[in-house]
Amino acid sequence: DPVILWFRQDLRLCDQPALIAAAGEGPVIPLYILDDETPGSWRIGGAQRWWLHHSLAALSASLEAKGSRLILRRGRAEEVLASVIEETGAARVHALRHYEPWWRAAETALGDRLHLHDGNHLTRIEDVRTGGGQPFRMYSSFWKALQNFLPPEEPYPAPETIAAPEQWPASDDPADWKLLPTAPDWSGGFDDDWTPGEACAQAKVADIADLLGEYDEARNLPATEGTTRLSPHLHFGEISARAVWHAADVDAGHTFLKELAWRDFTSGVVMALPDYADANGRAKYDRLRWRQGVEAKTDLCAWQTGHTGYPIVDAGMRQLWNTGWMHNRVRMITASFLVKHLLIDWRAGERWFWDCLVDADYGNNAVNWQWVAGTGVDANMFGRIMAPLGQSEKFDAGDYIRRWVPELADVGDAAIHDPDAAGCRPANYPAKVVGHREARERALAAARAI
Ligand code: FAD
């Protein structure tokens, strides 16, 4: 009997333990299901639909080169799997383990026909626990405990060939899924910046050693290409975290490895707290009075479109809209600005990122938003307020701002971070939506009122 290989966020053939297991059992039916129903409001966002379209095309071509095919189906995963099993007489389903809460419905329904394999993380997340058997809430303790499971296993090569079943089940035409934007087509900047698929992920990883020598300093500078930009490839599983780890070939304490291990940490958090993307990690913040109403909506819109009058914030938000990605330092600045300076609920920002990021990831996005907001299980105080102008001066010499906010292209270095205060704000660039001191006092007052 054939077996089903259920692809999810693991669109690769190398280091794919579910593929190795399936190929060892008989003819394989590789299946991808577009499920917009089970995840509810966390269905795949706009930017990632663009990515998914291209990534599936790449995976499909790689499978064909090995004598196989990719079957595409749409609908509730649980129902689609049941029907493909019935149509093909498949004996089993092999898949890699993932931690987003919405997978559980289909996994439970499959019962013992489902064989889950680890391979999407550096280690088995369930193994990294406190002495009392609980998942870790603080990254630093998680990282320390993770050392007992490192280095991760060596990655597996892809199988030479993949046996095909005698008959293929029907497959959707990807064009019918309409994953690409049409009117308006906002994806021009995406095409310039990204090539989805396993081959590109591998090419980036092959060059990683050059970048990591400077990583410690360069990773904080948004104007330089100081980080790997592997995040969408890792989210879609076009490359495995352990393949990245081994390719990095750096000391065990290197900052890059600590960053890479954050993915494992956030998966552990959402495994323990499945509604972490919707609920404050610390319940006392349920009482925080976020701004609401028309003015708050206008401010949210200014933030989303990059018109807050804070150049570093606006540059980040425009980079996000145009390319589907934002530099980590600027993600922290823009997120903090929304939550503290505008006093808008972090969930509004998290949603916007979800729709706009090519690397949008349930665990990574929620944990980072709650960390910046100070509402999370990892204690970062709400009252700790990032100064956007100070951050801008410290980390950007102005090149990043000039690149993404062309209205400021002719503003000199001395004024670029705060043209408003310097008295040289061009007429086509907005005044600050709120002053720093006033915003800070408003946020602290809201925190005190809890
Ligand atoms: P590199 O520095 O090259 O790091 C390598 C890999 O390590 C990344 O690709 C990523 O998989 C992982 N990583 C690095 N930093 C983090 C981190 N802080 N948390 C989790 N994983 C990390 N990352 C996402 O992948 N998806 C998200 O939805 C997401 N949302 C975020 C929201 C906010 C408010 C903030 C502050 C950060 C968010 N991040 C998210 C984390 C981080 O900004 C990105 O992973 C990083 O910028 C990706 O660029 P890179 O691949 O060049 O990173």
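Residues numbered from 1 in each chain as written. Predicted model: local features only at pLDDT ≥ 70, side-chain atom pairs only at ≥ 80, totals over all residues.

Named according to an unreviewed UniProt entry, the protein chain is Deoxyribodipyrimidine photo-lyase originating from Sphingomonas cynarae. Quoted straight from UniProt, the Sequence similarities (unreviewed entry) entry for the protein chain says "Belongs to the DNA photolyase family." (UniProt positions renumbered as here; feature names shortened; annotations may be inferred.)

A. Focus on the site of the ligand. Around the ligand sit 27 residues in total, of which T227, T228, S231, N365 and N368 are the nearest. Listing elements by their share of the shell around the ligand, those giving two or more residues are α11 (231-235), α13 (255-260), α14 (262-272), α17 (328-341) and α19 (362-373). Ranked by residues supplied to the shell around the ligand, first place goes to α19 with five residues. Looking at side-chain class alone, the shell around the ligand contains eleven nonpolar, nine polar and seven charged residues. (Near = placed C-beta within 6 Å. Helix = DSSP H or I, 4+ residues; strand = E, 2+ residues; numbered from the N terminus. Nonpolar A, V, L, I, M, F, W, Y, C, P; charged D, E, K, R; others polar.)

B. Layout of the packing of α17 against α19. It is the contact of α17 with α19, at a shortest axis distance of 9 Å, that shows an interaxial angle of 60°. It follows that α17 is oblique to α19 by the angle criterion. As α17 packs across α19, the resulting crossing turns out to be right-handed. Where α17 approaches α19, its residues M332, A335, S336 and V339 are matched on the opposing element by W369, V372 and A373. In the contact of α17 with α19, the residues fall into six nonpolar, one polar and no charged. (Axes fitted to C-alpha atoms, helices over the stretch in contact; angles between N-to-C directions. Parallel < 35°, antiparallel > 145°, perpendicular 65-115°, else oblique. Left-handed = near helix turned anticlockwise from the far one by under 90°. Contact = placed C-beta atoms within 7 Å.)

C. View of the packing of helix α16 (residues 311-323) against helix α20 (residues 388-395). The N-to-C vectors of α16 and α20 enclose an angle of 75°; their axes lie 8 Å apart at closest approach. Here α20 runs roughly perpendicular to α16, going by the angle between their axes. Only P388, Q391 and S392 of α20 make contact with α16, whose side of the interface consists of P311, I312 and V313. Residue composition of the contact of α16 with α20, grouped by class: four nonpolar, two polar and no charged.

D. Quick look at the pairing of strand β5 (residues 114-117). Inspection of the sheet shows strand β4 (residues 93-96) paired to β5 by four bridges, in the parallel sense. In the strand pairing of β5, V93 is matched with L114. In this view, the connection linking β4 to its parallel neighbour β5 by way of helix α4 (residues 104-110) has right-handed handedness. (Pairing = 2+ DSSP bridges. Right-handed = clockwise from strand over helix to strand, strands pointing away.)

E. Here's a closer look at helix α12 (residues 241-248). Buried residues of α12: A241, R242, V244 and W245, and no others. The buried residues of α12 occupy one face: seen down the axis, they fall within an arc of 155°. In the core, the buried residues of α12 are packed alongside α8 (198-206), α11, α13 and α14. Of the residues flanking the end of α12, it is D249, one or two places downstream, whose phi is positive at about 50°. (Buried ≥ 20, exposed ≤ 12 C-beta atoms within 10 Å, placed from the backbone. Arc of directions from axis to C-beta.)

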